[in-house]
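Structural overview
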Amino acid sequence: MAERGKLFGIGVGPGDTELLTLKAVRILETVPVVFSPKSSKDKESIALSIVKPVIEKRKDFKKLMLVEPIFPMIEDKDELEKIWTSASELIAQYLDTGRDVAFITLGDPSIFSTYSYVQKKLKGAYEIETVPGITSFTACAAARNEALVEQNDILTVVPKIDDRFNDVMEYTNAIALMKASRNMRKLELKIENNKRTKDVYSVQNCTRENEKIIEGFSKDKPYLTTTIIKLDD
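For the structure given in this document, a descriptive report is provided here. Everything quoted here is computed from the prediction, not taken from an experiment.

Let us now look at the pairing of strand β8 (residues 197-204). Taking burial as the measure, the eight residues of β8 include seven buried ones, the bulk of the element. Sheet topology note: the β8/strand β9 (residues 212-215) ladder contains four bridges and is antiparallel. Bridge pairing in β9 places Y201 opposite E215.

This is the structure:
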């Protein structure tokens, strides 16, 4: 029986291929199977577009097994569970033949990543290594050439604005608001009118060719939009 392969969860950063880590590049230059989930069959994976300049330079590129399962953007937990289970089983099939698999994911694998659900299902049964990547919110701060937090500041990462947000604003100094497209204008106004709000800016498509830095909240809110909220002490 062939020795089992190893799963690599690779964070590919926010968009710029040059922000891939050296370790990520080294693995992507040699791994026989690359798993690149996408939201629909008609859309190219953004993560794949980031690593393409690396994998297309491989001498064995034509032999590379590129797997692109569909991970639709839905919130039905039962359906999502089925999708994660199916993806995990497919990865396991490759690992069982002795082939290593790289699962690529935007930003960092530990921050709101689909990879984490697959990782949990395969953990303990296979050797797994997670390779961190640059997060969108640190890249946004760099794009504006400003610090995200300083000294004893507390940074809070928020997936969307909901009823918990009042407590968050009371005790934090900076907020990285992910998935900004999910927020309603009335909740954004609540932030803008808060006495502690010092600065709000949004970055669309950070580090990509169409990057755009906006003062305040973004109105059109493309999928890759992150908002940074700075609060007075």
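On to unusual backbone geometry, then. In this structure, Q151 is a non-glycine residue whose phi angle is positive, near 50 degrees. Here Q151 lies in the loop between α5 (136-143) and β6 (155-158). You can call Q151 exposed: its relative accessible area is 84%. The residue N205 is not glycine, and still its phi comes out positive at about 50 degrees. Inspection of the secondary structure puts N205 in the loop between β8 and β9.

Rules behind the numbers
- Residues numbered from 1 in each chain as written.
- Predicted model: local features only at pLDDT ≥ 70, side-chain atom pairs only at ≥ 80, totals over all residues.
- Heavy atoms only, no water.
- Buried < 20%, exposed > 50% of the residue type's maximum accessible area, 1.4 Å probe, protein only.
- Helix = DSSP H or I, 4+ residues; strand = E, 2+ residues; numbered from the N terminus.
- Pairing = 2+ DSSP bridges.

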